[in-house]
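Each chain is listed here by its residues.
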Amino acid sequence: MTLSFSLAISELPVYVGALSSLYEALSVEASKQTTSEEIVSCIVERLSLNENASYELAEVIGDDFGQECKERSLSSQESPVQLMMLWPKHRPDNTSYRFYLREKVVDYTWRARFVMDPQLIKDYFHRFLYQPKDREYPDLCQLSDLNEQTLLANLRERFVAGHIYTYVGSILIALNPFKFYPIYNPKYVKLYQNRRLGPNLPPHIFAVADTAYHCMLKDRKNQCIVISGESGSGKTESTNFLLHHLTALSQKGSHGSGVEQTILSAGPVLEAFGNAKTAHNNNSSRFGKFIQVNYKENGMVHGAVVQKYLLEKSRICSQGRYERNYHVFYYLLEGANEQEKLQLHLMTPDKYYYLNKSCAALDNVDESYEFSRLKQSMEMVGFTPEKQRRLFSVLSAVLLLGNVEFHPRKSAYHHDESVGVKNPDVVALISELLRVKQETLMQALIAKRARASGETLVINYRLPEAIASRDAMAKCLYGALFDWIVLQVNHALFSKKDTLREHQGNSIGVLDIFGFEDFGPNNSFEQLCINYANEHLQYYFNQHVFKYEQEEYRKEGIRWTNIDFMDNTGCLQLIEAKPNGLLCLLDDQCNFPGATNETLLQKFNTVHKDNTFYKKPQKKEAAFIVEHYAGKVKYQVTDMREKNLDLMRQDIVGVLKNSSMAFVRELVGVDPVAVFRWAIVRAFFRAQFAFRDAGKRHRQGRVDGNRNNIQQRYRGIHVPNDNIISSFKV
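Because the structure is predicted, anything quoted here is derived from the model rather than measured. (Residues numbered from 1 in each chain as written. Predicted model: local features only at pLDDT ≥ 70, side-chain atom pairs only at ≥ 80, totals over all residues. Heavy atoms only, no water.)

## Focus on the sheet that holds strand 21 (residues 631-636)
So, step 1. Taken together, the three strands give an open sheet; going across it, the order is 19-20-21, and neighbouring strands pair in antiparallel fashion. With one partner strand each, in any of the chains shown, strand 19 (614-615) and strand 21 form the two edges of the open sheet.
So, step 2. In the sheet, strand 20 (residues 623-628) pairs with strand 21 via six bridges, with the strands oriented antiparallel. When the sheet's bridge partners are listed, His628 is paired in strand 21 with Gly631.
So, step 3. The strands touched by helix 17 (residues 525-556) are strand 20 and strand 21; relative to strand 21, the strand with the most contacts, the crossing angle is about 150°. (Pairing = 2+ DSSP bridges. Helix = DSSP H or I, 4+ residues; strand = E, 2+ residues; numbered from the N terminus. Contact = heavy atoms within 4.5 Å. Axes fitted to C-alpha atoms, helices over the stretch in contact; angles between N-to-C directions.)

See below:
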């Protein structure tokens, strides 16, 4: 038996696809006795493929355009030649029969998470591939009569049929089914690799990731995927699927290692600390994030950076009806073992003021399991058990702060409205967890210090001020903790090999921000900021989909019917224009000594009474209405000035800075972003000094004229860059 390779098609052509950039197919001369395993072994050797990976032959049946596809993996002892002799010679329907070399995919992680009947998965795959093209259209651009009614009807028919993805040209529409569809397993990952957007395969989010990846490699330009939609539309899950496919493309498989696995593990950590249940969504992102995945020039992932925007810190102290605090609190309370509960002074959720005002449990969520999953993800991102213990200590302290109560202090002065702490035992627990002095913490909660004429004055808080000070400390701690977590994630995602040199290659960014929100009577400053961000996204879409495209038609002299669209420029001007935009007026009122939320509303009403995008409610209330692109939203002005100021009282900062625990001092002592940048700069200068010192020794050796000595010294110093960097870790 002999096996030989040639570029021309001979008896047994085997297509290698993405496994080789040089060949589309290799031809193998083989007999009926030649097994599939032998053919695979020879091709792997010829292409110098990764010996640690497993490969197999697959029989693929499809038409000339790849519209329909059936695939079967061959066992190791099957004879491809005998199988090929069974293929029909006359194929009037243009059906094609081919052998493909595939990399075996072990889908144990998916099986561990999703237990489903294999036949059900096969049925899903068949239904997914053979979507009807005569009733509902996979691309809305194919509609002969495109209007709002036909568009919605087409989306509805596809959704009822179980097809949640639909194209509009290069834009993908995803409808949230609020249940799991088995269309994200490794079979689909492989199906959409090296396949562009288009009619050859049904719409899928993997196709968007694949297109961005190959455009980056082909054009050598950075790419960005923007995910937009209202709250609860599935943006966070879509982000996770995109990152999963982008990492799979990088390492030619579906499971990452190293930085790829770190990117995937960072998601559950950020979700636990930054997501919460709202009235419309059980896993709502309460912060925005931009994830930039950096690639080498050969298309391999070598690092990533996460940027976060506007964490909703007010949720720590209060939540609306049918809402919860951040997931991590419930995970910790339910999942901690008895020793952890004892050390951290943990109780049940109903015993905490910050948790017992809203619903505690989520349906179909095992929070003990989620806690173990969180700890595993944190470990993979680089959080040591000791770091996790300190982090959970701060979380426990935040919850206990809400339980601090105040009572009027007895005083000889009739007008004295000062307060004292009603339960000093709780303050003692907090001081133990944060390693601060109990007396200092107690004083910071009931009074503030001010300097006047060179003297220090102690001003006692009244009850509302004491409560505000307590809540400010809780929000400050959690906000600083979240910043620190993002910083640690970025350290884990940062490629240490590129510390001293600029990133060579390109990147793909994924923007996942909060969706448009309207919580009825509970909209406040946070919703105004979130909806303002969504207005800017809508403006971006309008510019690129309508305005710029029609301007291009006009320049090229193309005849077309002008398409009118809702221009939201006026709404953006209402919010951001200087000097009379809502945000500018809000800043002015925050800086004005005698201003209140009532005077803020009066200012809004006076300045914008004639603005078509601004309305006053029909009945008199402390609220105003903004006409957004998605509809009217009523905002309450209660606490709007306070939320915009987001003051961190210096007395509280001083208490935390004097903690005997370095971790707490680190949280409030410096800007986390500055720490991250300084770590890079410091590593650069340390390594630069090492090189400079090596150069001085080398030049000194040349002056001495001892050539052998020079070479010996130089060899001892001229180690690879990676070793020099690693010897100066920060």
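Having seen the model, we can carry on.
## What about the pattern of salt bridges?
When the charged atoms of two side chains with opposite charge come close together, those side chains can pair.
So, step 1. Tallied over the full model, the rule gives 16 salt bridges.
So, step 2. Notably, a salt bridge pairs Asp512 with Lys289, separated by 3.0 Å at the nearest N-O pair. Highlighted residues: Asp512 in strand 18 (residues 507-512) and Lys289 in strand 12 (residues 288-295), separated in sequence by 223 residues.
So, step 3. Linking Arg389 and Glu386 is a salt bridge whose minimum nitrogen-to-oxygen distance equals 2.7 Å. (Salt bridge = Lys/Arg side-chain N within 4 Å of Asp/Glu carboxyl O.)

## So, the side chain of Ser265
So, step 1. With respect to the helices and strands, the residue Ser265 is situated in helix 9 (residues 259-274).
So, step 2. With residues near it in sequence (within four places) discarded, Ser265 still touches Ser377, Met380 and Val381.

## Details of the confidence of the model for the protein chain
So, step 1. Confidence in the prediction for the protein chain averages 80 pLDDT; 80% of positions are at 70 or higher.
So, step 2. Summarising per-element confidence for the protein chain, the mean pLDDT is lowest in helix 26 (residues 721-726) (30) and highest in strand 20 (96).
So, step 3. Note that pLDDT drops below 50 for residues 706-730; the model gives that stretch 25 contacts with residues more than four away or on any other chain. (pLDDT = per-residue confidence, 0-100.)

## Comments concerning the pairing of strand 7 (residues 165-168)
So, step 1. With four bridges connecting them, strand 7 and strand 8 (residues 171-174) associate as antiparallel partners. Across the sheet, the residue bridging to Tyr167 is Leu172, located in strand 8.
So, step 2. Taking the residues that link successive antiparallel strands as the turn, the strand 7-strand 8 hairpin has two residues, and the phi of Gly169 there is positive, at about 65°.

## Let's talk about the UniProt feature "binding site: ATP" (unreviewed entry) in the protein chain
So, step 1. The UniProt record annotates "binding site: ATP" (unreviewed entry) at Gly229, Glu230, Ser231, Gly232, Ser233, Gly234, Lys235 and Thr236.
So, step 2. Of note, Gly234 is situated in the loop between strand 9 (223-227) and helix 8 (235-250).
So, step 3. Relative accessible area serves as the criterion here: at 21%, Gly234 is assigned to the partly exposed category.
So, step 4. Examined against the element boundaries, Lys235 turns out to sit in helix 8.
So, step 5. In this view, Lys235 contacts Ile227, Ser228, Gly229, Glu230, Asp512, Ile513, Phe514 and Gly515; residues no more than four positions away in its chain are not counted.
So, step 6. A distance of 3.3 Å separates a polar side-chain atom of Lys235 from the backbone oxygen of Gly229. (UniProt positions renumbered as here; feature names shortened; annotations may be inferred. Buried < 20%, exposed > 50% of the residue type's maximum accessible area, 1.4 Å probe, protein only. Polar contact = N/O pair within 3.5 Å; in protein donor to acceptor, adjacent residues only side chain to side chain.)

## Things to note about the nonpolar core
So, step 1. Within the largest apolar cluster, 114 residues are counted, with the highest numbers of intra-cluster contacts made by Phe273, Phe329, Leu391, Leu395, Leu434, Leu481 and Ile485.
So, step 2. It is helix 16 (residues 463-493) that contributes the most residues to this core, 14 residues altogether.
So, step 3. With residues up to four places along the chain from it excluded, the contact list for Phe329 reads Ile316, Leu355, Leu395, Val398, Leu399 and Tyr478.
So, step 4. Among the nonpolar cores identified, the runner-up in size contains 22 residues, and Tyr23, Ile43, Tyr55 and Phe99 belong to it. (Core = buried A, V, L, I, M, F, W, Y, C linked by side-chain atoms within 4.5 Å.)

## Topic: helix 12 (residues 367-381)
Since there are 3.6 residues in each turn of an α-helix, residues three or four apart along the chain are aligned in direction.
So, step 1. Under the 1.5 Å per step criterion, the end-to-end length of helix 12 is 21 Å for 15 residues, consistent within 8% with the ideal 21 Å.
So, step 2. Buried within helix 12 we find Glu367, Glu370, Phe371, Leu374, Ser377, Met378 and Val381. For helix 12, the angular spread of buried residues about the axis comes to 125°, placing them on one side. In helix 12, the exposed positions angled more than 90 degrees off the buried face are occupied by Gln376 and Glu379.
So, step 3. Each element contacted by the buried residues of helix 12 is listed here: helix 9, helix 10 (327-335), helix 11 (338-344), helix 13 (385-401) and helix 16.
So, step 4. Between a side-chain oxygen at the N-terminus of helix 12 and the backbone nitrogen of Ser368 the separation is 3.2 Å; the capping residue is Asp366.
So, step 5. Once helix 12 finishes, Gly382 follows within two positions and takes phi at roughly 115°, a positive value. (Expected span 1.5 Å × (residues − 1). Arc of directions from axis to C-beta.)

## Topic: the packing of aromatic side chains
So, step 1. Across all of its chains, the model carries 16 aromatic pairs by this definition.
So, step 2. Relative to Tyr354, the ring of Tyr353 has its centre 6.2 Å away and its plane inclined at 55°; by these criteria the two rings are tilted.
So, step 3. We classify Tyr353 as partly exposed; its relative accessible area is 38%.
So, step 4. When the ring of Phe371 is compared with that of Phe392, the centres are 5.4 Å apart and the planes differ by 45°; the resulting orientation is tilted. Pair noted here: Phe371 is in helix 12 and Phe392 is in helix 13, with a separation of 21 residues, a long-range link.
So, step 5. Classification of Phe371 by relative accessible area gives buried; the value is 1%.
So, step 6. Clustering of aromatic rings is evident, with ring pairs tying together Phe604, Tyr614, Phe624 and Tyr635.
So, step 7. When the ring centre of Tyr15 is taken as reference, the NZ or CZ atom of Arg98 above it lies at 4.4 Å.
So, step 8. Between Arg324 and the ring centre of Tyr330, over which it is positioned, the NZ or CZ distance is 3.8 Å. (Phe/Tyr/Trp six-rings, centres within 6.5 Å; stacked < 30°, edge-to-face > 60°. Lys NZ or Arg CZ within 6 Å of the ring centre and 35° of its normal.)

## Comments concerning the pairing of strand 13 (residues 301-309)
So, step 1. When strand 12 meets strand 13, the two strands line up antiparallel, connected through eight bridges. The partner of Phe290 across the bridge, within strand 13, is Gln307.
So, step 2. What sits between strand 12 and strand 13 in their antiparallel hairpin is a turn of five residues, with Gly299 showing a positive phi close to 90°.

## Observations concerning the environment of Glu621
So, step 1. The topology assignment puts Glu621 in the loop between strand 19 and strand 20.
So, step 2. Linking Glu621 and Val637, residues 16 residues apart in sequence, is a C-alpha distance of 9.5 Å.
So, step 3. Leave out the neighbours within four places in its chain, and Glu621 touches Leu601, Lys634 and Gln636.

## Observations concerning the sheet that holds strand 13
So, step 1. One open sheet accounts for four strands, arranged 9-18-12-13; its pairing is mixed. The open sheet has two free edges, formed respectively by strand 9 and strand 13, since each of these has just one partner strand. Going from strand to strand, the sheet's axes swing by 15° on average, the running direction of each strand aside.
So, step 2. Here strand 12 pairs with strand 18 via six bridges, running antiparallel. Bridge assignment links Val293 to a residue of strand 18, and that residue is Ile508.
So, step 3. Each of strand 12 and strand 13 touches helix 9; the most contacted strand, strand 13, lies at about 20° to it.

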